Amino acid sequence: MVPGSHAETAGIRVPDFPGSSSPGGGRYRLRVHYDSELRNRVDRILDATPVEDIHTHLYDPSFRSLMLWGLDEQLVYHYLVSEAFRHSDQPYDRFWSASRAEQAEFVWNGLFVEHSPLSEACRGVLTTLHALGLDPRQRDLRSLRQWFANQDPGQFTDRVLGIANVATVGMTNSPFDPAERPYWEGALARDPRFFAALRIDPLLMSWPEAGLQISNDGYGVRLDLDSGTLDGVRRFLGDWTRRIGSRYCMVSLPPGFQWPGNTPTAQLITGAVLPHCRDTGQPFAMMMGVKRAVNPSLRLAGDGMGRSDLTALENLCAAHPENRFLVTCLSRECQHELVVLARKFRNLHPFGCWWFTNTDQLISEITTLRLELLGTSFTAQHSDSRVVDQLIYKWGHSRRVLGRCLTARYEALRSSGWVVSDDEIRRDAEELLGGAFRGFCRS
Ligand code: RAT
Ligand code: ZN
């Protein structure tokens with residue numbers, strides 16, 4: 001599938017592994033033989049294992065214009081927009097008032113023509129073009145665009161899901177989003193490959209404004225978070241969960257999040273969100289550590305991050321063993337604590353390498369940490385794709401890093417006298433790429 005490197009330990013001499021059937025049978029053998037053979041097996045199995053992508057910002061094609069695809073959409077991805085501004089003094093407003101095509105050209109020229117596309121997000125565009133059979137070596141944006149203009153969106157989506165070997169795609173669905181709501185209120189012919197997840201950031205981060213909307217929707221909530229209001233919010237969550245067929249409910253939280261507490265966020269979680277999750281038997285997903293609008297002029301590209309206090313998570317897991325928590329953290333510093341907490345609380349399931357941690361080096365570090373402390377009881381990755389095409393590179397790159405991490409663990413097992421079979425590698429790959437999530441969600 002997507003090309004990757006497979007011979008990273010070439011030429012290193014290491015002691016023979018117990019039980020090794022190395023040709024020649026000497027005390028030493030070239031590790032490269034074993035590594036590349038095992039690495040190839042692991043990579044082949046990972047490539048052949050369909051992924052359940054548990055969190056993206058993609059839409060089922062029946063959401064028409066909300067479903068983003070194509071080269072210009074890839075280029076104006078917010079990860080790239082913030083990088084492009086590092087090479088330009090152009091006023092932000094001028095960029096935002098330009099057409100989509102002009103914005104895409106600004107990014108292309110700044111990041112692919114005038115500088116080398118070394119970053120993860122830039123490389124992603126190239127991996128995607130390459131896997132689609134396109135050749136960007138001429139730096140010819142016009143002809144690349146022409147190829148995309150000739151695609152049918154439905155067929156293109158099928159092709160991308162096929163190349164990325166993604167079986168199901170988790171959407172991010174907000175009842176507070178005026179662009180999305182009308183689709184749910186009409187008749188939708190849903191694509192079964194796309195599943196819904198109820199996103200509730202405005203409810204938890206913008207009370208009382210969110211309360212006003214819920215009240216306008218007829219749920220009889222007031223601004224005071226008394227029991228009548230909390231019941232109304234709970235009914236609102238229940239109705240939306242049924243309407244969209246959501247599998248879990250999700251929020252992103254700032255670094256300062258605390259629980260328990262007297263803030264509207266903490267009170268709403270205790271009085272409405274957790275009871276709702278218990279009613280429906282669904283997990284509550286928390287993405288911890290985002291600082292919204294650090295630079296508002298960059299709009300969606302202007303969010304930052306900070307270190308979260310995971311005491312809040314520890315308190316939640318301990319106080320509510322009957323609730324289940326799906327958690328990812330944005331800060332590198334939180335990763336170790338998250339994994340240790342997951343060892344203490346079986347109602348906690350770490351997932352993905354989110355946003356600023358979705359780079360080769362950090363995926364490698366985080367995944368190794370998780371494998372070494374949790375085995376396969378976590379979900380290795382989610383793509384967070386916003387443009388369908390991105391599934392190709394996000395999963396292509398992550399599979400290669402996961403292959404490296406898994407191979408290293410299997411090698412360590414081998415030196416302890418345990419040799420994994422292909423069936424066992426397949427079982428592990430299935431757990432890490434969606435099976436452990438389904439088990440945790442009981443769905
Ligand atoms: O990764 C992203 O695209 C971010 O902008 C966020 O949307 C983040 O993933 C989130 O879900 O809040
Ligand atoms: Zn996201």
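Each aromatic ring pair is described using two quantities: the centre-to-centre distance and the angle formed by the ring planes. Applying the stated criterion to the full structure yields 19 aromatic pairs. Taken together, a centroid distance of 5.0 Å and an interplanar angle of 15° make the contact between W108 and F112 stacked. In this pair, W108 and F112 are both assigned in helix α5 (residues 100–113), four residues apart and thus about one turn of the helix distant. Geometrically, the ring pair formed by Y248 and F437 is edge-to-face, given 6.2 Å between the ring centres and 85° between the ring planes. Residue Y248 is found in strand β6 (residues 246–253), and its partner F437 is found in helix α18 (residues 422–441); the two are separated by 189 residues along the sequence. One exposure class covers both Y248 and F437, and it is buried. Cation over ring: R247 sits above F195, and NZ or CZ is 4.3 Å from the ring centre.

In this chain, W207 is followed by P208 through a cis amide linkage whose omega measures 15°. Summarising the element assignment, P208 is placed in the loop between α10 (201–205) and α11 (209–216). For N165, which is not glycine, the phi dihedral falls at a positive 50°. Tracing the sequence through the fold places N165 in the loop between α8 (153–164) and β4 (166–170). Its relative accessible area of 18% is what places N165 among the buried residues.

Looking now at the coordination of the zinc ion (ligand 2). Listed as protein donors to the zinc ion (ligand 2) are H55 (NE2), H57 (NE2) and D384 (OD); their distances from the metal cover 2.0 to 2.1 Å. All donors of the zinc ion (ligand 2) come from a single chain, and their spacing in sequence reads H-x1-H-x326-D. With a gap of 329 residues between them, H55 in the loop between β3 (51–53) and α2 (71–75) and D384 in the loop between α16 (360–374) and α17 (390–415) connect regions that are remote in the sequence. Grouping residues by exposure puts H55 and D384 together as buried.

With the rule as written, the count across this model stands at 28 salt bridges. For D303, the salt bridge is made with R292, and the minimal N-O distance between the two is 2.7 Å. Taken together, the residues span a long stretch of sequence, with D303 in the loop between β8 (290–291) and β9 (304–305) and R292 in the loop between β8 and β9 at a distance of 11 residues.

By way of backbone hydrogen bonds, the strands of a sheet pair with one another, either parallel or antiparallel. Strand order in this open sheet of seven strands is β3-β4-β5-β6-β7-β10-β11, and the pairing throughout is parallel. The open sheet is flanked by β3 and β11 (348–350), the only strands paired with a single partner. Going from strand to strand, the sheet's axes swing by 25° on average, the running direction of each strand aside. With five bridges joining them, strand β7 (residues 284–288) and strand β10 (residues 325–329) adopt parallel strand pairing. Considered in β10, the bridge of F284 is made with F325. Contacts from helix α15 (residues 335–344) reach β10 and β11 within the one sheet, and its direction differs from that of β11 by about 140°.

Once that is clear, we can look at the pairing of β4. In this structure, β3 lies alongside β4, joined through three bridges in parallel fashion. Its bridge partner lying in β4, E52 is registered against T168. Looking at chain direction, β4 and strand β5 (residues 194–199) are connected through two bridges and run parallel. What sits directly across from V169, in β5, is F194.

Quick look at the pairing of β7 now. In terms of burial, β7 is largely enclosed, as five of its five residues are buried. Bridging between β6 and β7 involves five bridges; their strand directions are parallel. Across the sheet, L253 pairs through a bridge with M288, a residue of β7.

With that out of the way, let us pick up the site of ligand 1. All residues adjacent to ligand 1 are H55, H57, H78, Y79, R199, M287, R292, W354, W355, D384 and R386. One nitrogen or oxygen atom from the side chain of R199 is found 2.8 Å from an oxygen atom belonging to ligand 1. Calculation on ligand 1 without its partners gives an accessible area of 300 Å², and the protein chains cover 98% of this total. A per-class count over the shell around ligand 1 returns four nonpolar, three polar and four charged.

This brings us to the packing of α17 against α18. The N-to-C vectors of α17 and α18 enclose an angle of 130°; their axes lie 12 Å apart at closest approach. The orientation of α17 relative to α18 falls into the category oblique. Crossing handedness for the pair α17 and α18: right-handed. Between α17 and α18, the residues in contact are W395, L402, L406 and Y410 and I425, D428, L432 and L433, respectively. Residue classes in the contact of α17 with α18 are distributed as seven nonpolar, no polar and one charged.

Calculation rules
- Residues numbered from 1 in each chain as written.
- Chains lettered and ligands numbered in written order.
- Predicted model: local features only at pLDDT ≥ 70, side-chain atom pairs only at ≥ 80, totals over all residues.
- Heavy atoms only, no water.
- Phe/Tyr/Trp six-rings, centres within 6.5 Å; stacked < 30°, edge-to-face > 60°.
- Helix = DSSP H or I, 4+ residues; strand = E, 2+ residues; numbered from the N terminus.
- Buried < 20%, exposed > 50% of the residue type's maximum accessible area, 1.4 Å probe, protein only.
- Lys NZ or Arg CZ within 6 Å of the ring centre and 35° of its normal.
- Donors = N, O, S within 2.8 Å, 3.2 Å for Na, K, Ca; no water.
- Salt bridge = Lys/Arg side-chain N within 4 Å of Asp/Glu carboxyl O.
- Pairing = 2+ DSSP bridges.
- Axes fitted to C-alpha atoms, helices over the stretch in contact; angles between N-to-C directions.
- Contact = heavy atoms within 4.5 Å.
- Near = heavy atom within 4 Å.
- Polar contact = N/O pair within 3.5 Å; in protein donor to acceptor, adjacent residues only side chain to side chain.
- Areas by Shrake-Rupley, 256 points an atom, 1.4 Å probe, with all protein chains shown as cover.
- Nonpolar A, V, L, I, M, F, W, Y, C, P; charged D, E, K, R; others polar.
- Parallel < 35°, antiparallel > 145°, perpendicular 65-115°, else oblique.
- Left-handed = near helix turned anticlockwise from the far one by under 90°.

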